[in-house]
Amino acid sequence: MQIQVVGAGAWGTALAIQAAQAGHAVTLCARSPAVAQRLAAERVNAAYLPGAAFPDSLAVAHDADKALAKADLHIIGTPMAGLREALGRLPAAASVFWLCKGFEAGTGRLGHEIAREVGPQLRVGVLSGPSFAQEVAAGRPTALVAASRDEGLAQLAVTALHSERLRIYTSGDPVGVEVGGAVKNVLAIAVGICDGLGQRADAPLAPGLNARAALITRGLAEMMRLGLALGAQPDTFMGLSGLGDLVLTATGDLSRNRRVGLALAQGRSLPEVLAELGHVAEGVYSAPTVLARAQALAVDMPITAAVVALLAGRLTPWQAVEQLMGRGARAESERS
């Protein structure tokens, strides 16, 4: 297969490496000539995946438009903010998966909704699941889900990427997979805050492991409520892109969103944390949009609301915990 990967960040690079190692003709497209030249010369993406050498067969380009028309499969590895533009450059009826997770700022659209607007004739899907790019690039065992209403397209992702080290499952529920990928980033910030408060020596009564388990569990309930309101299938949230991705992102030390929460709990300012992080933490940017979409559907998401208020400076970490713990008692099965 000829595979085009647009976006030379960590995730795009990791999957380009895997696809090339599987024997496909892969071109990794960087957004600038200077970046493309550096990647081609050094044969490693030192900025995002230091130590992950490029296979000899992996080509690098900066002008994606020239190669788009002849690719059998396109993989978009840009942040959510770049998805609309990347989709708009694809040929009609192209086969494409995207890796970004979140709601589009301003419109509140999920990826499949953006694709419907930009290219109704495109064959589209989302590739998601519990995965850190560093581990995928290193060949560590990972499982992902390729979700599309087009069963043939989902199988195309299997053909392109499934290997002994990277398992690709298929799903016919792109809505649920996308909601899981978007909301888990916001919840990971909340869990990071919880864990960060628990690490403080000046806080003997801070939340601990019990609170972490409660946040993950109740966060999963929030994720499911929003997903069902948007037409997702409930079983999706018990799978790789729901519970699996939530647990990894909320507890894994490589999670950027978790690291944002940990730093905020130590009293750092959000601009300072983001500047030091150096990479996009999608949960920071998508949290207000997730909440707005939920409110428009009358879906109660108290953990998400607390994260949004904290990121906006309206709550301190301690106040956010107190607000969540101070909510009235209710049945666990209630949809609120």
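Residues numbered from 1 in each chain as written. Predicted model: local features only at pLDDT ≥ 70, side-chain atom pairs only at ≥ 80, totals over all residues. Heavy atoms only, no water.

Counted only if it meets this: UniProt positions are given in the numbering used here, feature names are shortened, and annotations may be inferred rather than shown by experiment.
As recorded by an unreviewed UniProt entry, the protein chain carries the name Glycerol-3-phosphate dehydrogenase [NAD(P)+] and is attributed to Roseateles paludis. If you open the UniProt record of the protein chain and go to Sequence similarities (unreviewed entry), you find "Belongs to the NAD-dependent glycerol-3-phosphate dehydrogenase family." The Pathway (unreviewed entry) field of the UniProt record for the protein chain holds the comment "Membrane lipid metabolism; glycerophospholipid metabolism."

1. So, the pattern of salt bridges
What counts here: In the sections that follow, a salt bridge refers to a side-chain nitrogen of Lys or Arg positioned within 4 Å of a carboxyl oxygen of Asp or Glu. Counting from the N terminus, the helices are the DSSP runs of H or I reaching at least four residues and the strands are the DSSP runs of E reaching at least two. Exposure categories follow from relative accessible area, calculated using a 1.4 Å probe and restricted to protein chains: below 20% of the type maximum is buried, above 50% is exposed, and the middle band is partly exposed.
Taken as a whole, this structure holds 11 salt bridges when the rule is applied. Its salt-bridge partner being Glu113, residue Arg293 comes within 2.8 Å of it at the nearest N-O pair. Highlighted residues: Arg293 in helix α13 (residues 282-296) and Glu113 in helix α5 (residues 111-118), separated in sequence by 180 residues. A relative accessible area of 19% places Arg293 in the buried class. Close ionic contact of Arg268 with Glu272 constitutes a salt bridge, the shortest N to O distance being 3.0 Å. For Glu272, a relative accessible area of 40% corresponds to the partly exposed category. Connected via shared salt-bridge partners are Arg84, Glu104, Arg109 and Glu117.

2. Thoughts on the sheet that holds strand β4 (residues 73-76)
Put simply, the rule is: If DSSP finds at least two bridges between two strands, the strands pair. To get an axis, a line is fitted to the C-alpha atoms, and for a helix only the part in contact is used. The angle between two axes follows their N-to-C directions and goes from 0 to 180 degrees.
With mixed pairing, the 8 strands of this open sheet are ordered in space as β3-β2-β1-β4-β5-β6-β7-β8. Of all strands in the sheet, those bounded by a partner on one side alone are β3 (59-61) and β8 (166-171). Between one strand and the next, the sheet's axes are offset by a mean angle of 25 degrees, whatever the strand orientation. Pairing between strand β6 (residues 123-128) and strand β7 (residues 142-147): 3 bridges, direction antiparallel. Residue pairing across strands places Ser128 opposite Val145, the latter belonging to β7.

3. Looking at the environment of Leu144
Spelled out, the test is: Any pair of residues with heavy atoms lying within 4.5 Å of one another is described as a contacting pair.
Inspection of the secondary structure assignment puts Leu144 in strand β7. You can call Leu144 buried: its relative accessible area is 1%. Distance from Leu144 to His24, taken between C-alpha atoms, is 19 Å for residues 120 residues apart in sequence. If we skip the residues at most four places from it in the chain, Leu144 touches Trp11, Leu127, Ser128, Gly129, Ser131, Leu166, Arg167, Ile168, Tyr169 and Leu240.

4. A short note on unusual backbone geometry
Of note, the phi angle at Arg43 is positive, near 60 degrees, even though the residue is not glycine. Considering the arrangement of structural elements, one finds Arg43 in the loop between α2 (33-42) and β3. Overall, the relative accessible area of 24% leaves Arg43 in the partly exposed class. The backbone of Ala298 sits at a positive phi, close to 60 degrees, despite the residue not being glycine. By the element assignment, Ala298 lies in the loop between α13 and α14 (302-311). Residue classification places Ala298 among the exposed residues on the basis of a relative accessible area of 72%.

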